[in-house]
Amino acid sequence: MHTPSVDRARQLLSRTPLVDGHNDLPWALRDRHGSVPAVTAARSDLHSHLDGLHTDLGRLRAGGVGAQFWSVYVPCQLEGHEAVTATFEQVELVHRLVAAYPADLGLATTADQAESVFASGRVASLIGAEGGHSIAGSLGALDALHRLGVRYMTLTHNDNTPWADSATDQPGVGGLSDFGREVVAEMNRLGMLVDLSHVADTTMRDALAVTTAPVIFSHSSCRAVTEHPRNVPDDVLERLPGNGGVLMVTFVPRFVSPAIAAWDARMAEAMAATGRKHSDLAERERFYETWDGRHEQPVATLEDVVAHLEHAREVVGVEHIGIGGDYDGCPEMPTGLTDVGGYPALFGALLDRGWSEDDCANVAGRNVLRVLRCAEEVADTAG
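The structure contained in this document is the topic of the report that follows. If you're wondering where the values come from, they're calculated on a predicted model, not measured in any experiment. (Residues numbered from 1 in each chain as written. Predicted model: local features only at pLDDT ≥ 70, side-chain atom pairs only at ≥ 80, totals over all residues. Heavy atoms only, no water.)

What the protein chain contains, in helices and strands, is 17 helices and nine strands. Computed over C-alpha atoms, the radius of gyration of the protein chain comes to 19 Å, within 12% of the 21 Å expected from 2.2 N^0.38 for 383 residues, which places it in the range of a compact globule. Taken over the C-alpha atoms alone, the protein chain extends approximately 55 × 50 × 45 Å along its principal axes. Total accessible area on the protein chain stands at roughly 14300 Å², and carbon and sulfur atoms take up 51% of it. (Helix = DSSP H or I, 4+ residues; strand = E, 2+ residues; numbered from the N terminus. Rg over C-alpha atoms; globule rule 2.2 N^0.38 Å. Areas by Shrake-Rupley, 256 points an atom, 1.4 Å probe, with all protein chains shown as cover.)

Okay, here's the thing in structure tokens:
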């Protein structure tokens, strides 16, 4: 797409790093090539257009992506040592992919490094762990993940952990347990961002009450626009300016489109009626293939995403918004944002609506880099 606004957006993203909060390419590659990081990295040609995936080097360049948090996701069905092992395998895979493409990717563990890698013409590669089950209740495992470069952890995924409640599970401990508060404190001490995507509203509020550093929502949108438990209610959003944190608006269709959210709720009811678990992504995908209602699925659009960005700006201000696409974390994305090459179209749409280039630069990357830098400063102060 070439319009004056899209061209302006491309120029803007050439000057200011677009820092996307969440991309599940590592798990998508593991799905294709297996769990051995050396084998998966060797079999994954990121210079090629990867059919069936949203991400490769060419499309990252086309999208103006300057820095990417690669998600080291593992399913909730993996527990205990199996979850920890799989998470470390995912971290190793990211390190191997970065090493395999030194002209295109560069590892970053600080905000300064992210800016330096971007200035060198490469995509800064940061790492985020998705789901507190990744540490199996061990602060030592959390510390080790940080030592290996992980710079955020989502406190839960779709299921509760023993110490934190998920948005898509039944209440367990009522937010954060005492150990959950210890996890947040240790993340603050390390300089690891506390990620509140996927968590229950009670967990969001508990974490905001105890954290000493700004939080992020690495891939969530606004519940006032689309009623879905994975989105953030306004009363929580209103606390972000006081905390200094950032909502990184996601593109997941059922989170951004009210019509798709309603359709997805009908699928959840149909699954529950047959004793199946909607929050289990693999089980949901199998159910979808045979469900009569799949043909009624609406389509999400770029305009749906813009509606969430504009609502967030009204509630929290432009200094507390970012982008977390969740590419390769769900099968389809909104029209106009079908892969990681679509970011200039999104920022072009914002420019068309009167957002300034400075506003767009803040949303693209300045805000989340500020949050990361602040977390680093809190950690330095803690010693």
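Glancing now at the packing of helix α15 (residues 302-316) against helix α16 (residues 343-352). Following both chains from N to C, one finds α15 and α16 inclined at 55°, their axes separated by 10 Å at the closest point. Judged by the inter-axis angle, α15 sits oblique to α16. Crossing hand, α15 versus α16: right-handed. Residues L302, V305, V306 and L309 of α15 form the contact with α16, whose own contacting residues are A345, L346, A349 and L350. Classifying every residue of the contact of α15 with α16 by side-chain character gives eight nonpolar, no polar and no charged. (Axes fitted to C-alpha atoms, helices over the stretch in contact; angles between N-to-C directions. Parallel < 35°, antiparallel > 145°, perpendicular 65-115°, else oblique. Left-handed = near helix turned anticlockwise from the far one by under 90°. Contact = heavy atoms within 4.5 Å. Nonpolar A, V, L, I, M, F, W, Y, C, P; charged D, E, K, R; others polar.)

Of all eight residues that make up strand β4 (residues 123-130), eight are buried, and the element is covered over most of its length. Residues of β4 alternate between two faces, with V123, S125, I127 and A129 on one and A124, L126, G128 and E130 on the opposite face, all of them buried. Bridge count between strand β3 (residues 105-107) and β4: three bridges; the pairing is parallel. From the neighbouring strand, L107 faces β4, where its bridge partner is S125. Crossover handedness for the path β3 to helix α6 (residues 111-119) to β4: right-handed. Relative to strand β5 (residues 150-154), β4 runs parallel, the two sharing four bridges. Counterpart to A129 in the pairing with β5 is M153. (Buried < 20%, exposed > 50% of the residue type's maximum accessible area, 1.4 Å probe, protein only. Pairing = 2+ DSSP bridges. Right-handed = clockwise from strand over helix to strand, strands pointing away.)

A few words on empty space enclosed by the protein. Under the defined criterion, the tally for this structure stands at one cavity of 30 Å³ or more. If you add up the space inside the largest cavity, you get close to 50 Å³. As for the largest cavity, its lining consists of L25, P26, L46, W70, V94, L97, V98 and L105. When residues of the lining of the largest cavity are traced back to their parent elements, those giving at least two are α2 (25-33) and α5 (80-100). Tallying contributions element by element places α5 first for the lining of the largest cavity, with three residues. Looking at the lining of the largest cavity residue by residue, the class counts come to eight nonpolar, no polar and no charged. (1 Å grid on protein atoms, 1.4 Å probe; cavity = no way out; pocket = protein on both sides within 12 Å on 5 of 7 lines; lining within 4 Å. Points joined across faces, edges and corners; volume = space filled by probe spheres on them.)

What follows covers the pairing of strand β2 (residues 65-71). By the criterion of burial, β2 is predominantly enclosed, with seven of the seven residues buried. For strand β1 (residues 18-23) and β2, the ladder comprises four bridges, and the chain directions are parallel. Its bridge partner being in β2, L18 is matched across the sheet by V65. Examined bridge by bridge, β2 and β4 share five bridges and lie parallel to one another. When the sheet's bridge partners are listed, Q68 is paired in β4 with S125.

This brings us to the packing of helix α1 (residues 4-15) against α16. Contact geometry for α1 and α16: axes closest at 7 Å, N-to-C directions at 115°. What the angle tells us is that α1 and α16 run roughly perpendicular. The two elements α1 and α16 cross, and the hand of that crossing is right-handed. Packed against α1, whose contacting residues are S5, V6, R8, A9, R10 and L13, the element α16 presents Y343, P344, A345, F347, G348, L351 and D352 at the interface. Its residues assigned to classes, the contact of α1 with α16 shows eight nonpolar, two polar and three charged.

For helix α8 (residues 178-190), built from 13 residues, the straight-helix expectation of 18 Å at 1.5 Å per residue is met to within 8% by its first-to-last C-alpha distance of 19 Å. Listed as buried for α8 are G180, V183, V184, E186, M187, N188 and L190. Where α8 is buried, its residues touch α7 (139-147), β5, β6 (193-195), α9 (201-210) and α17 (357-382). A distance of 3.3 Å separates the backbone nitrogen of F179 from a side-chain oxygen at the start of α8, and that oxygen is part of S177. (Expected span 1.5 Å × (residues − 1). Polar contact = N/O pair within 3.5 Å; in protein donor to acceptor, adjacent residues only side chain to side chain.)

Excluding glycine, residues mostly have negative phi values, and the peptide bonds linking residues are mostly trans. Its identity as a non-glycine residue notwithstanding, H198 has a phi of 80°, on the positive side. We classify H198 as buried; its relative accessible area is 6%. Residues other than glycine seldom take positive phi values, yet D326 does so here, at roughly 70°. With respect to the element layout, D326 can be found in the loop between β9 (321-323) and α16.

The next subject is the packing of aromatic side chains. Per the stated rule, a full pass over the model turns up nine aromatic pairs. Taken together, a centroid distance of 5.1 Å and an interplanar angle of 45° make the contact between F69 and Y152 tilted. Here F69 is found in strand β2, whereas its partner Y152 is found in strand β5, with 83 residues between them in sequence. Judged by centre distance (5.9 Å) and plane angle (85°), the ring pair of Y327 and Y343 falls under edge-to-face. Linking Y327 in the loop between β9 and α16 with Y343 in helix α16, this pair joins segments that are 16 residues apart in sequence. A residue is classified by how much of its surface remains accessible, and Y327, at 0% relative accessible area, is buried. Among the aromatic residues, those joined into a cluster by ring pairs are W263, F287, Y288 and W291. (Phe/Tyr/Trp six-rings, centres within 6.5 Å; stacked < 30°, edge-to-face > 60°.)

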